[in-house]
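# A structural walkthrough
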There are 2 protein chains.
Amino acid sequence: MESFKVGIVGCGTVGGGVVKLLLENAKVIERRIGKKVEIAFVADKEIEKVKRLGIPEEKIFDDGFKALSKECDVVVELIGGTTIAKEIILKAIEKGRHVVTANKALLAESGEELFKKARERGVSLKFEASVGGGIPVIKALREGLSGNRIKRIYGIINGTANYILTEMTEKGVDFETALKKAQELGYAEADPTLDVEGFDAAHKIAILSTLSFGRWVRTENVFVRGIREITPLDIELAAEFGYRVKLLAISKVVDGKLEVRVHPTMIPEEHILSSVNGVFNACLIEGDFVGETLYYGMGAGERPTASAVVADIVDIAMGNTYDVPEELFSDDEKLEIKAPDDFISSFYLRFTAVDRPGVLAKISKVLGDYGISIKMALQKSINVNGGVPVVMTTHPAPKRKVQEAINRIDSFDVILSPTFVCMIEEL
Amino acid sequence: MESFKVGIVGCGTVGGGVVKLLLENAKVIERRIGKKVEIAFVADKEIEKVKRLGIPEEKIFDDGFKALSKECDVVVELIGGTTIAKEIILKAIEKGRHVVTANKALLAESGEELFKKARERGVSLKFEASVGGGIPVIKALREGLSGNRIKRIYGIINGTANYILTEMTEKGVDFETALKKAQELGYAEADPTLDVEGFDAAHKIAILSTLSFGRWVRTENVFVRGIREITPLDIELAAEFGYRVKLLAISKVVDGKLEVRVHPTMIPEEHILSSVNGVFNACLIEGDFVGETLYYGMGAGERPTASAVVADIVDIAMGNTYDVPEELFSDDEKLEIKAPDDFISSFYLRFTAVDRPGVLAKISKVLGDYGISIKMALQKSINVNGGVPVVMTTHPAPKRKVQEAINRIDSFDVILSPTFVCMIEEL
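Computed from a prediction, not measured in an experiment: that's the story for all the values here.

### Overview of the packing of aromatic side chains
Residues and elements named next belong to chain A. Counted by the stated rule, this structure contains 16 aromatic pairs over all chains. A ring pair is formed by F41 and F61, whose centres lie 6.0 Å apart and whose planes are at 75°; its orientation type is edge-to-face. Here F41 is found in strand β2 (residues 36-43), whereas its partner F61 is found in strand β3 (residues 60-61), with 20 residues between them in sequence. An aromatic cluster is built from F115, F127 and W216, whose rings are joined through pairwise contacts.

### So, the UniProt feature "domain: ACT" (unreviewed entry) in chain A
Using the residue numbers shown here, the UniProt feature "domain: ACT" (unreviewed entry) corresponds to residues 348-423 of chain A. Secondary structure content for residues 348-423 of chain A is 30% helix and 39% strand, while the C-alpha to C-alpha distance between its ends is 6 Å.

### A closer look at the interface of chain A and chain B
Taken together, the 57 residues of chain A in the interface contact 57 residues of chain B. Taken as a group, A:R31, A:R32 and A:F289 account for 18% of the area that chain A buries against chain B, more than any other trio of residues on that side. Scanning the region where chain A abuts chain B turns up two salt bridges. The shortest N-O distance in the salt bridge between A:K139 and B:E143 comes to 2.7 Å. Linking chain A to chain B there are 19 residue pairs in polar contact (both at pLDDT 80 or more). Looking at the side of chain A that touches chain B, the elements that each hand over two or more residues are α1 (13-24), α2 (26-33), α7 (137-144), β12 (291-298) and α13 (302-317) of chain A. Grouping the amino acids of the side of chain A that touches chain B by side-chain chemistry returns 25 nonpolar, 17 polar and 15 charged.

### Looking at the side chain of B:T166
All names here are of chain B. Looking at the secondary structure, you find T166 in helix α8 (residues 159-171). Under the relative-accessibility criterion, T166 is labelled buried at 5%. Residues contacting T166, with those up to four places away along its chain left out, are K246, N277 and G278.

### Topic: the sheet that holds strand β5 (residues 98-101) of chain A
Residue and element names in this part refer to chain A. The six strands lie next to each other as β3-β2-β1-β4-β5-β6, forming an open sheet whose pairing is parallel. Because the sheet does not close on itself, it has two edges, and the strands there are β3 and β6 (125-126). When strand β4 (residues 74-77) meets β5, the two strands line up parallel, connected through four bridges. Among the inter-strand pairings, V76 is bridged to a residue of β5, identified as V100. Contacting β1 (3-9), β4 and β5, helix α5 (residues 84-94) runs over the sheet at an angle of about 175° to β4.

### Here's the deal with unusual backbone geometry
Residue and element names in this part refer to chain B. Even without a glycine there, the phi angle at N385 is positive, about 50°. Looking at N385, the relative accessible area reads 58%, which means it is exposed. Phi at L427 is positive, roughly 60°, even though this residue is not glycine.

### Some words on the environment of B:M298
Residues and elements named next belong to chain B. Looking at the secondary structure, you find M298 in strand β12 (residues 291-298). Residue M298 is classed as partly exposed on the basis of its relative accessible area, which comes to 23%. For the pair M298 and G134, spaced 164 residues apart in the sequence, the C-alpha separation amounts to 5.9 Å.

### So, the UniProt feature "binding site: L-homoserine" (unreviewed entry) in chain A
Residues and elements named next belong to chain A. If you check UniProt for "binding site: L-homoserine" (unreviewed entry), the listed places come out as E189 in our numbering. With respect to the secondary-structure elements, E189 resides in the loop between α9 (175-184) and α10 (193-196). Overall, E189 belongs to the exposed group, its relative accessible area being 54%.

### Quick notes on the pairing of strand β11 (residues 280-287) of chain B
Residue and element names in this part refer to chain B. Among the eight residues that make up β11, eight are buried, leaving the element largely enclosed by the rest of the structure. Residues F280, A282, L284 and E286 of β11 are buried on one face, and the alternating residues N281, C283, I285 and G287, pointing to the opposite face, are buried as well. Note that strand β7 (residues 150-156) and β11 share six bridges and pair antiparallel. Its bridge partner lying in β11, I153 is registered against I285. Sheet topology places β11 next to β12; eight bridges connect them, and they run antiparallel. Residue pairing across strands places I285 opposite T293, the latter belonging to β12. As consecutive antiparallel partners, β11 and β12 are separated by three residues.

### Focus: the domain arrangement of chain A
In terms of domain boundaries, chain A breaks down into domain 1 (3-130), domain 2 (137-298) and domain 3 (343-424). Distance between the C-alpha centres of domain 1 of chain A and domain 3 of chain A: 52 Å.

### Some words on the pattern of salt bridges
Once the charged atoms of two side chains with opposite charge are near each other, the side chains can pair. Evaluation of the coordinates by the stated rule reveals 68 salt bridges over all chains. A:K66 serves as the salt-bridge partner of A:D62, at 3.2 Å between the closest nitrogen and oxygen. Linking B:E112 and B:R218 is a salt bridge whose minimum nitrogen-to-oxygen distance equals 2.2 Å. Separated by 106 residues along the polypeptide, B:E112 in helix α6 (residues 104-121) and B:R218 in the loop between α11 (199-213) and β8 (223-224) bring together distant segments of the chain. In this structure B:E112 comes out as partly exposed when scored by relative accessible area, which is 37%. Three or more residues are tied together by salt bridges with common partners; here these are A:K126, A:K139, A:E143, A:D315, B:K126, B:K139, B:E143 and B:D315.

### Some thoughts on the side chain of B:S251
Residue and element names in this part refer to chain B. By the element assignment, S251 lies in strand β9 (residues 243-254). Of note is the side chain of S251, whose polar atom sits 2.8 Å from the side chain of S209. If we skip the residues at most four places from it in the chain, S251 touches K151, R152, I153, I205, S209, F213, L258, E259 and V260.

### Some points on the sheet that holds strand β4 (residues 74-77) of chain B
Residues and elements named next belong to chain B. Ordered in space as β3-β2-β1-β4-β5-β6, the six strands form an open sheet in which the pairing is parallel. Sheet topology places β3 (60-61) and β6 (125-126) at the edges, where each strand pairs with a single neighbour. The pairing of strand β5 (residues 98-101) with β6 spans two bridges and is classified as parallel. When the bridges of β6 are listed, V99 appears paired with L125.

### Side note on helix α7 (residues 137-144) of chain B
With eight of its eight residues buried, α7(B) lies for the most part within the structure. Along α7(B), the residues classified as buried are B:V137, B:I138, B:K139, B:A140, B:L141, B:R142, B:E143 and B:G144.

### Looking at the environment of A:H395
Relative to the helices and strands, A:H395 is located in the loop between β16 (388-394) and β17 (397-398). Setting aside residues up to four positions removed in sequence, A:H395 forms contacts with A:S345, A:S346, A:S373, A:I374 and A:K375.

### Quick word on a nonpolar patch on the surface
A surface patch of nonpolar side chains, amounting to about 240 Å² of accessible area, comprises A:F65, A:I79 and A:I84. Among the structural elements, A:F65 can be located in helix α4 (residues 64-67).

Cut-off values and rules
Residues numbered from 1 in each chain as written. Chains lettered and ligands numbered in written order. Predicted model: local features only at pLDDT ≥ 70, side-chain atom pairs only at ≥ 80, totals over all residues. Heavy atoms only, no water. Phe/Tyr/Trp six-rings, centres within 6.5 Å; stacked < 30°, edge-to-face > 60°. Helix = DSSP H or I, 4+ residues; strand = E, 2+ residues; numbered from the N terminus. UniProt positions renumbered as here; feature names shortened; annotations may be inferred. Contact = heavy atoms within 4.5 Å. Buried area = accessible area lost by both parts, 1.4 Å probe. Salt bridge = Lys/Arg side-chain N within 4 Å of Asp/Glu carboxyl O. Polar contact = N/O pair within 3.5 Å; in protein donor to acceptor, adjacent residues only side chain to side chain. Nonpolar A, V, L, I, M, F, W, Y, C, P; charged D, E, K, R; others polar. Buried < 20%, exposed > 50% of the residue type's maximum accessible area, 1.4 Å probe, protein only. Pairing = 2+ DSSP bridges. Axes fitted to C-alpha atoms, helices over the stretch in contact; angles between N-to-C directions. Domains from an automatic or database assignment. Patch = residues over 30% accessible without salt bridge, like charges linked within 9 Å, V, L, I, M, F, W, Y side chains within 5 Å. Areas by Shrake-Rupley, 256 points an atom, 1.4 Å probe, with all protein chains shown as cover.

So this is what it looks like as structure tokens:
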């Protein structure tokens with residue numbers, strides 16, 4: 001039987017998972033594809049750890065570059081980061097090896113260069129594990145929906161942030177408490193910035209957007225806001241309006257321009273995305289023919305991510321290369337990125353106002369002056385920062401106008417603290 | 001630019017959708033894959049209809065077999081049925097053409113023979129549209145999860161039945177009323193048997209099971225019950241226990257045997273599958289590494305189904321053949337199919353009893369005698385068939401035992417009509 005040789009560079013959580021999968025499920029894969037998938041080498045500084053996984057010593061290298069001199073069909077880069085990882089990938093491509101990576105930060109930063117090199121050298125560069133962990137969302141988007149013009153993508157693609165928001169929603173705890181629990185459970189890192197500030201989701205939506213809309217989308221093209229400002233009060237008030245709060249990654253074409261954004265978003269509680277809780281991820285992709293589709297599963301972790309990496313390996317072994325053709329990025333029909341100020345959205349606004357007659361009228365007047373139409377309003381007789389919360393949702397309005405109106409309103413004496421703003425998507 | 005030629009046999013709803021997609025999105029597909037996908041011919045008795053889609057006369061044939069003499073790379077069979085469709089596919093394979101079909105009934109019946117012929121001739125036989133309409137669930141299962149041992153599959157894979165149950169749940173109407181509305185909206189056929197009796201879902205779960213569990217699973221291996229017996233009362237009572245009623249297709253390995261079944265099932269209302277409403281479909285697939293994944297979208301209709309057919313065409317054009325290797329069906333590890341009597345499940349039981357003291361005790365006693373443990377019980381003071389409903393849910397018990405107990409209970413004078421039984425899956 002034909003055999004296909006895999007070299008693994010980086011044997012941390014995901015790398016270890018890939019080794020385990022290839023060993024444990026060797027027989028299943030072999031029967032399924034009619035080929036043997038063999039580990040040619042594993043490179044990692046911690047040689048003992050690799051040995052304990054059952055890899056024989058002669059296949060273990062303490063240096064990724066040295067390992068690359070060994071023969072193999074595909075190199076799996078799982079060291080992460082954007083420096084050595086990039087060199088390893090470039091070196092592997094240069095040597096004519098196919099490459100599989102889970103490195104979303106690197107792809108969002110240097111994808112254009114890396115795909116070009118791979119194309120020129122005639123090898124594959126695959127990256128299923130870079131978005132949505134174990135969910136085969138890249139495959140669904142590129143291959144399963146290959147006949148469609150993609151209209152919009154809505155992703156819950158950061159498990160840490162989703163876990164925290166779910167915990168806040170279900171237990172009524174505040175952000176810090178939920179974050180601490182996520183850290184204890186290993187769902188959040190000691191420095192949770194990438195996850196809770198939305199940057200990780202931004203890398204991922206940049207990749208999905210690039211594949212969908214025929215132009216390179218980089219992290220700097222993504223409007224990003226994190227979830228630190230979300231309070232249990234807003235989650236509770238959103239629920240009264242029939243919404244759930246999610247860190248949503250959004251990519252859609254509106255009026256001929258591409259909007260790419262990641263921010264806390266209120267979505268209708270009866271929508272299927274509202275059922276995506278805890279560390280689960282989901283991606284809703286709408287195509288012009290297929291309509292709405294959704295892909296759901298574990299967005300991170302050793303085993304789910306290994307599942308995605310191995311799917312890429314198997315694809316290459318099967319000759320399913322599906323590379324990004326140059327034509328995808330030809331200049332015609334290239335979409336412009338919309339400026340955040342021009343986003344049109346419904347908004348949730350929570351003012352903290354002095355409890356005095358006429359305040360609601362005063363706020364409403366300013367909104368009216370800026371052409372912002374109120375959909376629902378709610379005043380609560382509870383004390384927040386010495387005032388009462390006055391909550392409104394608006395009909396769709398330009399973000400710029402809403403911000404201007406809020407600046408004006410926040411300058412009033414009767415407003416006691418900065419107004420909390422959250423975009424709403426009716427989906 | 002290289003071009004890839006598609007011949008379409010059968011230009012009804014789906015065939016028309018495929019023609020429209022290939023014409024409308026030609027440019028998008030071309031840019032995405034770096035190849036032109038061209039229509040070589042369209043065969044249909046109604047030539048005028050095909051002409052109106054914009055196909056030039058010289059490419060239209062009124063006979064599929066005649067059309068096959070024309071050169072093409074892939075033949076798309078969309079005439080349905082299990083007779084002429086089969087001949088067309090066999091003829092196309094014989095001529096060395098790749099084949100794409102949406103014909104689940106044919107695959108469930110003759111898949112083994114057709115795949116063998118295709119393998120022998122060295123061509124692809126692809127069938128993404130046969131399950132889940134536009135959802136790329138076959139691709140996800142075979143390619144996206146290729147590294148996993150599949151543990152279980154739960155599918156809401158018949159949109160008609162799901163629409164009817166959703167309508168009954170949301171409006172409180174009975175089966176006949178909901179069916180009539182489904183027919184008016186074009187979601188159900190004049191003869192809805194295949195859909196509401198569960199046979200269509202059985203074809204589909206047979207295909208998914210075959211791909212997952214390394215043995216051929218045919219429709220006759222599937223335990224099937226339809227949704228005709230479901231009443232608004234049971235939907236309402238299920239809700240009181242925290243369940244939704246869905247026509248679920250289930251395939252899982254339990255105690256080393258394969259259970260494949262389609263029947264109305266009560267599932268926890270907070271589970272994401274409970275959010276799958278109306279004509280939408282969803283498939284939950286659990287793998288040993290990836291964990292739970294779910295795929296959701298439109299399970300039928302001209303445009304979604306065309307999306308899946310075109311994905312197959314593009315796959316073949318890209319050289320992504322992923323054929324079913326003979327090894328998949330080698331004899332080792334071949335799973336036995338479990339007999340329905342041996343299913344172990346929790347049950348919902350609704351007895352219709354005379355409103356008299358001691359009845360609950362009498363029922364409970366019999367259940368206890370058969371080793372069936374009651375989880376929850378509820379007696380309602382409403383009149384049904386001249387009696388009162390006594391409702392119980394059980395802990396997991398063998399189906400055979402439950403049936404025996406019910407036969408015993410139904411023989412009592414105090415029981416006024418046959419007991420309604422529904423399996424529960426905690427998912």
